[in-house]
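Residue-level structural notes
What follows is the residue order along each chain.
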Amino acid sequence: GLLLSQRQRSLIVVDSGAHRLLVFDPSSLQLLETWGRTGAASPDPGLFNTPTAISGDGDGDVYVVDEGNRRVQKFRADGRVIPEFWETMQGEGLLSRPADIAVNEVDGATRVYVLDTTERRVFVFDGEGHAVRHHQDQLVVVSLEGSQQPMGMVAAGQALYLGDNGDPRVNTYKG
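Note that the structure is predicted; figures quoted are calculated from it, not measured.

Turning next to unusual backbone geometry. Positive phi is not limited to glycine here, since His19 has a value of about 55°. Within the secondary structure, His19 is located in the loop between β2 (10-15) and β3 (20-24). With a phi close to 65°, Thr50 is a non-glycine residue in the positive phi region. Mapped onto the elements of the fold, Thr50 is located in the loop between β4 (31-36) and β5 (51-56).

Our next topic: the packing of aromatic side chains. Tallying each qualifying case throughout the model produces 3 aromatic pairs. Judged by centre distance (5.7 Å) and plane angle (40°), the rings of Phe48 and Phe75 are tilted. Within this pair, whereas Phe48 is found in the loop between β4 and β5, its partner Phe75 is found in strand β7 (residues 71-75), the two being separated by 27 residues in sequence.

The next thing to look at is the pattern of salt bridges. Under the definition given, this model contains 9 salt bridges. Between Arg71 and Asp66 there is a salt bridge, with the nearest N and O atoms lying 2.7 Å from each other. With a relative accessible area of 6%, Arg71 lands in the buried category. With a closest N to O distance of 3.2 Å, Asp167 and Arg169 form a salt bridge. In this structure Asp167 comes out as partly exposed when scored by relative accessible area, which is 31%. It is possible to trace a salt-bridge network through shared partners that takes in Asp61, Lys74 and Arg76.

About the cut-offs
- Residues numbered from 1 in each chain as written.
- Predicted model: local features only at pLDDT ≥ 70, side-chain atom pairs only at ≥ 80, totals over all residues.
- Heavy atoms only, no water.
- Helix = DSSP H or I, 4+ residues; strand = E, 2+ residues; numbered from the N terminus.
- Phe/Tyr/Trp six-rings, centres within 6.5 Å; stacked < 30°, edge-to-face > 60°.
- Salt bridge = Lys/Arg side-chain N within 4 Å of Asp/Glu carboxyl O.
- Buried < 20%, exposed > 50% of the residue type's maximum accessible area, 1.4 Å probe, protein only.

So, in structure tokens, the structure goes:
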């Protein structure tokens, strides 16, 4: 995973094999910081066990799928982990195996889209980790029953774009 953060003026690279994030200056490609630790697969907040996907919001916060620990971690722009985000998200009881993530703003509110491969759905959360619900208290969720191998997401405006590696195409979900 890669994230080019304009707000932080950095390129963040997910180094899955070494269980860390590498933060580079995008102009010089000089390594600025390392988040996590090489070979330190751990369920502790701020550490990783095979991170795979990354996205960011307009405030500079960074969201990382920590696949080996089956969680999503949120970090401030300075690399400080926000453990309450995952605690809240976990408390919703929706995710089994997060695999991909996309983040955007909808009507001024942060939306975090998490692809769960076991549940075959994309769940939508707010920037605090709470599941987003419609005005009728129903979960905002995208069912992926028609997808074979969903992977690769981006959210823009009111749309979610999701790749399907099993049936080479990109699906668009609006709403």
